[in-house]
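Overview (structure and organization)
If you want the building blocks of each chain, they are given just below.
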Amino acid sequence: MRLLSYMGQWKSAAKEVLDRTAIVAKFLCLLHVTNNYLCSPTLVYGPSMLPTLNLTGDVVLAEHVSHRIGKVGTGDVVLVRSPVDPRRILTKRVVGMEGDTVSFYVDPMYSQTTVVPKGHVWIQGDNTYASSDSRHFGSVPYGLIQGKVFFRVWPPDGFGTLEQ
Amino acid sequence: MRLLSYMGQWKSAAKEVLDRTAIVAKFLCLLHVTNNYLCSPTLVYGPSMLPTLNLTGDVVLAEHVSHRIGKVGTGDVVLVRSPVDPRRILTKRVVGMEGDTVSFYVDPMYSQTTVVPKGHVWIQGDNTYASSDSRHFGSVPYGLIQGKVFFRVSLFYLAYTHPTPPPPPTHTHTHTQTPSSIFFQKNWFQLQFQFRKYSIPRNEACFYFVRIDGIMEMF
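A short tour of the structure in this document, coming up. Computed from a predicted structure; not experimentally measured. (Residues numbered from 1 in each chain as written. Chains lettered and ligands numbered in written order. Predicted model: local features only at pLDDT ≥ 70, side-chain atom pairs only at ≥ 80, totals over all residues. Heavy atoms only, no water.)

**Digging into the overall build of chain A**
The line we're drawing: Comment: elements are numbered from the N terminus, with helices defined as DSSP H or I runs of at least four residues and strands as E runs of at least two. When accessible area is computed with a 1.4 Å probe and restricted to protein chains, residues below 20% of their type maximum are described as buried, those above 50% as exposed, and intermediate ones as partly exposed.
When helices and strands are counted, chain A shows two helices and nine strands. In chain A, the order of α-helices and β-strands from amino to carboxyl end is α-β-β-β-β-β-β-β-α-β-β. Its C-alpha atoms give chain A principal-axis dimensions of roughly 90 × 35 × 25 Å. Per-residue burial over chain A gives 39% buried out of 164 residues.

What follows is the structure, given as structure tokens:
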């Protein structure tokens, strides 16, 4: 008799656990879909985008709509999956779109000019002295762009849109 | 008074509409997450993967787990976002991983050898005469891989199975043949013709139910 009452309590407790877990799972799904297809906060760090972004880390908002509808253009700061290491995502600025002619300095004496091929973009970090970007690994296919950065949330004195 | 009752009805109807919409939205969310992160059916068409995949279109199952954990290797058929047109997704075979040396014919006289750089793969279509692949646009970054094809869905051939084997064609046939036997014989010949038209290599992960001499074989 006591065993049956224990089983009854256990069943109701298990049902409540499942309901709570379902709510949490639905919330995580919604959060994940929003992060991937609308807007996501991202922590970016490194010296390659000084002075626009800080060395020690900024929390920026990146939207994931523009690159799917082809609205990424010159001057945008984008999140790009690295063509050298597919598990890393870089934050660089788009300097040239397909068909543009790009000039860059390979070393202080020698400048080189290339045309960006079809379906590719040319990305460069704002801090050209400490950035590994398209000057080193060439044009990057447009399909590797993950999102466009449009707003900075942290640190508080940098709150607002990024400077051009 | 009647206005209040109308508003009460409208409120309950709106609540029911919202509940139904929420159920449909949750189902679509689940379907979308499964398609993007687990497994998705995809229609692939084109001449560049003959004879492995058909010209007029195949429905294949592609899984989206392997490329995220780095398990894509040489010989896999993968879905790759095109580096030339970012809105198109190609189906090609991975022929070389990063660090591999790849040789290919630029024209029938001249062969070229390249080393695949770090973080890139070399993709080629099985039908080298009608495929625009890495031989034209170079190595493709690994990050453009969307999924790995592992199965082909061929429900078309399942329609030809039948529990009783057809009578084998012999010389001593009677003049009067029942319509049902003619039907089975016709299907039998049709099945043979269809099988020969789409000859598939054996080492693929696809299965058919095929009747050969009355024995049902699955391979």
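Read on, since the account is not over.
**Some remarks on the interface of chain A and chain B**
Put simply, the rule reads: Residue contacts follow a heavy-atom distance rule, with two residues in contact if any of their heavy atoms lie within 4.5 Å. Buried area: the sum, over both parts, of the accessible surface (1.4 Å probe) that disappears when the two are put together. Take a side-chain nitrogen of Lys or Arg and a carboxyl oxygen of Asp or Glu: if they are within 4 Å of each other, that pair is a salt bridge. Polar contact is defined as a pair of N or O atoms within 3.5 Å, subject to the rule that within protein one atom must be able to donate a hydrogen and the other to accept it, and that residues adjacent in sequence are counted only when both atoms are side-chain atoms.
Listed as interface residues are 15 residues of chain A and, on the opposing side, 15 residues of chain B. Buried surface at the junction of chain A and chain B, summed over both partners, amounts to about 1,400 Å²; 67% is from carbon and sulfur atoms. Taken together, the links from chain A to chain B amount to zero salt bridges. Inspection of the chain A/chain B interface yields six residue pairs in polar contact (both at pLDDT 80 or more). Broken down by element, the residue count for the side of chain A that touches chain B peaks at four residues, all from helix H1 (residues 2-37) of chain A.

**So, the pairing of strand S2 (residues 58-63) of chain A**
All names here are of chain A. The line we're drawing: At least two DSSP bridges between two strands are required for those strands to pair.
Bridge analysis of strand S1 (residues 39-44) against S2 gives six bridges, and the strand direction is antiparallel. The residue bridging Leu43 from the neighbouring strand is Val59, located in S2. Two strands pair when backbone bridges link them, and S2 and strand S9 (residues 145-154) are joined in this way by five bridges, in the antiparallel orientation. Considered in S9, the bridge of Val60 is made with Arg152.

**A few points about the packing of H1(A) against helix H1 (residues 2-37) of chain B**
Put simply, the rule is: For helices, the axis comes from a line fit to the C-alpha atoms of the stretch in contact; other axes are also lines fit to C-alpha atoms, and the angle between any two N-to-C directions lies between 0 and 180 degrees. Note on angle classes: values under 35 degrees are labelled roughly parallel, values over 145 roughly antiparallel, values of 65 to 115 roughly perpendicular, and the remainder oblique. Here a crossing is called left-handed whenever its near helix is offset anticlockwise from the far helix by less than a right angle, and right-handed whenever the offset is clockwise.
Where H1(A) meets H1(B), the axes come as close as 11 Å, and the angle between the chain directions of the two elements is 60°. Considering the angle they form, H1(A) stands oblique to H1(B). Our pair here, H1(A) against H1(B), has a crossing hand that is left-handed. Seen from H1(A), the contacting residues are A:Lys26, A:His32, A:Asn36 and A:Tyr37; seen from H1(B), they are B:Lys26, B:His32, B:Asn36 and B:Tyr37.

**Re the pattern of salt bridges**
Within this structure, the stated rule accounts for 14 salt bridges over all chains. As a salt-bridge pair, A:Arg135 and A:Asp133 come within 2.9 Å of each other at their nearest N and O atoms. Taking the shortest distance from any N to any O, the salt bridge between B:Asp19 and B:Lys15 comes out at 3.6 Å. Taken together, the residues B:Asp19 and B:Lys15, both in helix H1 and four residues apart, mark about one turn of the helix. Exposure remark for B:Asp19: the relative accessible area of 41% places this residue in the partly exposed category. With a relative accessible area of 52%, B:Lys15 lands in the exposed category.

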